[in-house]
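# Structure at a glance
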Amino acid sequence: MSDLPRPEALFANINHTPPKADWMDVPVDIKPGRYCYAANPDSVNYVGLPHARKWNPLDDDWKLPENWQEIIFKGLHERLQKYRSFKIFMDICVRCGACADKCHFFIGSGDPKNMPVLRAELLRSVYRGEFTTFGKILGRFAGGRKLTPEVLKEWWYYFFQCSECRRCSVFCPYGIDTAEVTIIGRELLNLVGLNIDWIATPVANCYRTGNHLGIQPHAFFDMLDFFCDDIEDITGIRPEPSFNKKGADILFITPSGDVFADPGTYTCMGYLMLFEYLKREYGLDVTWSTYASEGGNFGFFTSHETMKRLNSKMYMEADRLGVKWILGGECGHMWRVVHQYMDTLNGPEFQNSRMEVPSNPITGTVFKNAASTKMVHIAEFTADLIKHGKLNLNKKRNANIHLTWHDSCNPARGMGLLDEPRFVAKSVVEKFTEMPEGTIREQTFCCGGGAGLNAGENDELRMMGGLPRANAVKYVHEKYGVNMLGCVCAIDRAVLPNSMQYWVPEVDVCGLHELVANALVFPGEKERETDLRGEDLPGLEDE
Amino acid sequence: MKALYSLFLVFALAALALVGAGALGMEKAFGLYIPFLAVAVFVVGFCMRVVDWGKSAVPFCIPTTCGQQESLPWIKQSTIENPSTTGGVVMRMLLEVLLFRSLFRNTKVDLHEGTKITYSSSKWLWLGALAFHYSFLTIVLRHMRFFTEPVPGIIAGIEAMDSMLQIGAPTLYLTDIAFVAAVTYLFVRRVVVPQIRYISLVQDYFPLFLILGIAFSGIFMRYFAKVDIISVKQLAMGLVTFSWVVPEGIGVMFYIHMFLVSVLLAYFPLSKLMHMGGVFLSPTRNMNCASRKFRHINPWKFENVHYHTYEEYEDEFREKMVEKDLPVDKPLAEGAE
Ligand code: SF4
Ligand code: SF4
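Residues numbered from 1 in each chain as written. Chains lettered and ligands numbered in written order. Predicted model: local features only at pLDDT ≥ 70, side-chain atom pairs only at ≥ 80, totals over all residues. Heavy atoms only, no water.

## Remarks on the environment of A:Cys510
Residues and elements named next belong to chain A. Topologically, cysteine 510 is positioned in strand E9 (residues 508–511). Take cysteine 510: its relative accessible area is 0%, and that puts it in the buried class. Put simply, cysteine 510 and proline 27 are 483 residues apart on the chain and 41 Å apart in space, counted from C-alpha to C-alpha. Filtering out sequence-adjacent residues up to four positions away, cysteine 510 remains in contact with Leu403, Met484, Leu485, Gly486, Cys487, Arg493, Leu515 and Arg533. (Helix = DSSP H or I, 4+ residues; strand = E, 2+ residues; numbered from the N terminus. Buried < 20%, exposed > 50% of the residue type's maximum accessible area, 1.4 Å probe, protein only. Contact = heavy atoms within 4.5 Å.)

## A few points about the packing of helix H17 (residues 378–387) of chain A against helix H19 (residues 419–428) of chain A
All names here are of chain A. Between H17 and H19, whose axes approach to 8 Å, the crossing angle comes to 50°. One element, H17, and the other, H19, form an angle in the oblique class. The handedness of the crossing between H17 and H19 comes out as left-handed. Residue-level contacts link Ala379, Glu380, Thr382, Ala383, Ile386 and Lys387 of H17 to Glu420, Pro421, Phe423, Val424 and Ser427 of H19. When its residues are assigned to classes, the contact of H17 with H19 shows 6 nonpolar, 2 polar and 3 charged. (Axes fitted to C-alpha atoms, helices over the stretch in contact; angles between N-to-C directions. Parallel < 35°, antiparallel > 145°, perpendicular 65-115°, else oblique. Left-handed = near helix turned anticlockwise from the far one by under 90°. Nonpolar A, V, L, I, M, F, W, Y, C, P; charged D, E, K, R; others polar.)

## Notes on the sheet that holds strand E5 (residues 375–377) of chain A
Residues and elements named next belong to chain A. Spatial ordering of the open sheet is given by E1-E3-E2-E4-E5, a layout of 5 strands whose pairing is parallel. Across the chains shown, the open sheet's two edge strands, defined by having one partner strand only, are strand E1 (242–243) and E5. Pairing analysis gives 2 bridges linking E1 to strand E3 (residues 286–288), with the strands arranged parallel. The residue bridging phenylalanine 243 from the neighbouring strand is tryptophan 288, located in E3. Across the face of the sheet, helix H15 (residues 304–321) comes into contact with strand E2 (250–253), E3, strand E4 (325–328) and E5 while running at roughly 150° to E2. (Pairing = 2+ DSSP bridges.)

## Some words on the confidence of the model for chain B
Close reading of the predicted structure is inappropriate where its pLDDT is low. All names here are of chain B. Taken over all residues, the pLDDT of chain B has a mean of 91, while the share at 70 or more is 98%. Least confident of the elements in chain B is helix H14 (residues 332–335), whose mean pLDDT is 65; most confident is helix H3 (residues 86–99), at 96. Here the predicted complex carries an ipTM of 0.92, next to a pTM of 0.94. (pLDDT = per-residue confidence, 0-100.)

## Section: helix H3 (residues 68–82) of chain A
An α-helix turns once every 3.6 residues. As a result, residues three or four positions apart point the same way. Residues and elements named next belong to chain A. For H3, built from 15 residues, the straight-helix expectation of 21 Å at 1.5 Å per residue is met to within 8% by its first-to-last C-alpha distance of 21 Å. Turning to H3, its buried residues are Trp68, Ile71, Ile72, Gly75, Leu76, Arg79 and Leu80. For H3, the buried positions fall inside an angular range of 160° around the axis, keeping them on one side. In H3, those exposed residues whose orientation departs by more than 90 degrees from the buried face are Glu70 and Lys74. (Expected span 1.5 Å × (residues − 1). Arc of directions from axis to C-beta.)

## Here's the deal with the side chain of B:Thr65
Within the secondary structure, B:Thr65 sits in the loop between helix H2 (27–55) and H3. Polar contacts involving the side chain of B:Thr65 include one to the main-chain amide nitrogen of A:Met415, which spans 3.1 Å. (Polar contact = N/O pair within 3.5 Å; in protein donor to acceptor, adjacent residues only side chain to side chain.)

## Quick look at the sheet that holds strand E6 (residues 402–405) of chain A
Residues and elements named next belong to chain A. Across the sheet, 4 strands lie side by side as E7-E6-E8-E9; this open sheet has parallel pairing. Both outer strands of the open sheet, strand E7 (431–432) and E9, are each paired with one neighbouring strand and no more. Of the strand pairs in this sheet, E6 and E7 are connected by 2 bridges, and their pairing is parallel. Bridge pairing in E7 places histidine 402 opposite lysine 431.

## Concerning the interface of chain B and chain A
Counting residues at the interface gives 94 residues for chain B, matched by 125 residues for chain A. Note on chain B versus chain A: buried area summed over both sides is about 9,400 Å², and carbon and sulfur give 59% of it. Of all residues in chain B, B:Tyr198, B:Arg292 and B:Tyr307 bury the most surface against chain A, accounting for 11% of the area lost on that side. The shortest N-O distance in the salt bridge between A:Lys246 and B:Asp329 comes to 2.8 Å. Summed over the shared surface of chain B and chain A, the number is 70 residue pairs in polar contact (both at pLDDT 80 or more). Looking at which element gives the most residues to the side of chain B that touches chain A, the answer is helix H13 (residues 310–323) of chain B, with 6 residues. For the side of chain B that touches chain A, the per-class residue count stands at 44 nonpolar, 27 polar and 23 charged. (Buried area = accessible area lost by both parts, 1.4 Å probe. Salt bridge = Lys/Arg side-chain N within 4 Å of Asp/Glu carboxyl O.)

Structural data, given as structure tokens:
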């Protein structure tokens, strides 16, 4: 984070008043710190996406294919037929501006092209200028413009400054979802080989090894084994997770970020402990897969088709192993895809008819809300266990934690998972305080790094985008002494620690199941002296 | 600048009617042919646009969920903001269309000293939009008395309600005031708020001025120019019953009013005003949110592409898997080529 200005300086630079000049006359200015590096051609090639090449966003020449305009027009035309959402959103925006100050990237950067309406207008103006009669005749007078290389660069720059969080959509009187426009905009860019590496390489990795970090099966095994060592040290209990086990009850899939980076690793240890507890107490058989070892779907940031290809592994693996249903870990994009796309994309092709409507064999609860996809969120699962008193929990172990809750965008606005994690969290921590209204639940703010923008080189963008979330955390930190920010998303767990470090250094970040595992009391475990992070448990002294 | 263009355009249109129907005496054109044509363009255009949207597929179930999902029985679902039944979806749409639910949520962001941001509720746009649309609707309904004989009780009722205060003669309609105030607000907001000004196009100012022009010409006619109402009704009835007549001496103000209305009608299907039809079709609002419970079907198919199968995966990593005792489908010897 060396090039970043100090928080106060960054903040002081935010100016929400747009410049005088008309936005069509303001040329795109690609600023280092606000964009991610261009995609590595090898990764693009690996998944067979078109026009892989080396190019640099800072160069004048992006080495576009000869007929790039034709490709874009054809793609645009096709998508107008294929997506009513896109067509409607191109046609009915009244530019009321209700969405303008709702985007965290606009709030944090002040760049007017980060206002959702203008972000969409970048594409809409070309649609008007090249596809509508009015726009073709009247041109700029009707708000239309031609597709030039400059415009294409502007698309690339600003569509990769949208984390597809959908906050704008909540406020739009017609539900215009700029995320949807961005998704299609990125598809179009992909047609001419313009992606970013933080998306392209994870996509290639997911395709090959099953997870975005490219962890091969033996290494995946080693990493979880290493967590088991730690757990044994802390609790005296050694989990024995199973892998690729045929005939298990449930297949568990989590974002691989949790396997790799702190503090997600503690959440991962939490899953391991919970499953071990359920195995010992109730005989529940949960298996992990090395083949389908990624929940987060980076294909979603590339094209609907790539999303489908990556997502298919979940059902293929469930089928191969013969499990009854799939349990999904704490992940944002994964859940948007699982909830809104998976069944449509891959249900008929890959879901095995032997799979059952998920039911919790321990409590008897049937998850009717997942009747078709056969996939349950772990927050729903654990909430059910706790409600039925199936877990022995000791909140005091989390006594040093004063928690607040970050609703991750995708589960919040693409699913409605709001109260389940809160119920679980409140069952395992003593102190819980909500952030102010307008910053939580469906109005929650993105961490600043969603939709593939969590790279190192775009630090400034992430810190600007993370400001609204951090600011609300800062408020509850200063007012109530909150010191921990909980969430159910692996990208959050990767981005928010940096953002907290920058804006509110006194607050840490954790996942839900880290807290659960801290509180979970195993029969016959040794007295715990530390939490999963190896920090002392001060709240226990009086016992 | 864009606002000025639009203003001039509306003035030019009014002048056109003034000269056409006044000096040139083309009452028939401005009283009958143009309005008829405009209505035809409106109806046909509107339908074509909706059909055009309807032809685009809805491949995925992508509603924006704005509340708690249907989940465990003891967790309270937000049945309207995150509906899992058709009834819920209908309620959600009704709230949206009739009460502008999403705009009601609107907030305003402010930056403060240090590194502080606050959000406050901001209901002015909601109020302005609501006042605008409802008074517009009332005015349109009120005008139905020109096209009906006998005038239905409900329209007479609306009129009576509207002139409740009984100010002046002819009585002042409350909606006229609300309408002009709301349109003015919507315009002023576009000019004064820098962000809104920045995103506004000619197409945003033009309909506002046009509507304002219609309102002013109507009000002027009613309270000052005093056109002959009986003749106007005769003309209107003639229009709808296809026995076209142009009574003498209606007054040129009427033709200006009528022409601006015609322009609005004809412009409607070509413009963002189509949000009136589009709001019902928005997939983020009008779909059931229970997409894990009910399968949504995509009408088109993806091209056949390669999926990375488990067999290919195991073939690549078999040795490493065996090394860690991870189960494999084919033993090492068999798999090794
Ligand atoms: S809130 Fe909706 S209609 Fe208004 S400017 Fe934004 S996208 Fe357009
Ligand atoms: S989806 Fe999120 S990031 Fe994208 S424009 Fe809307 S609010 Fe901004």
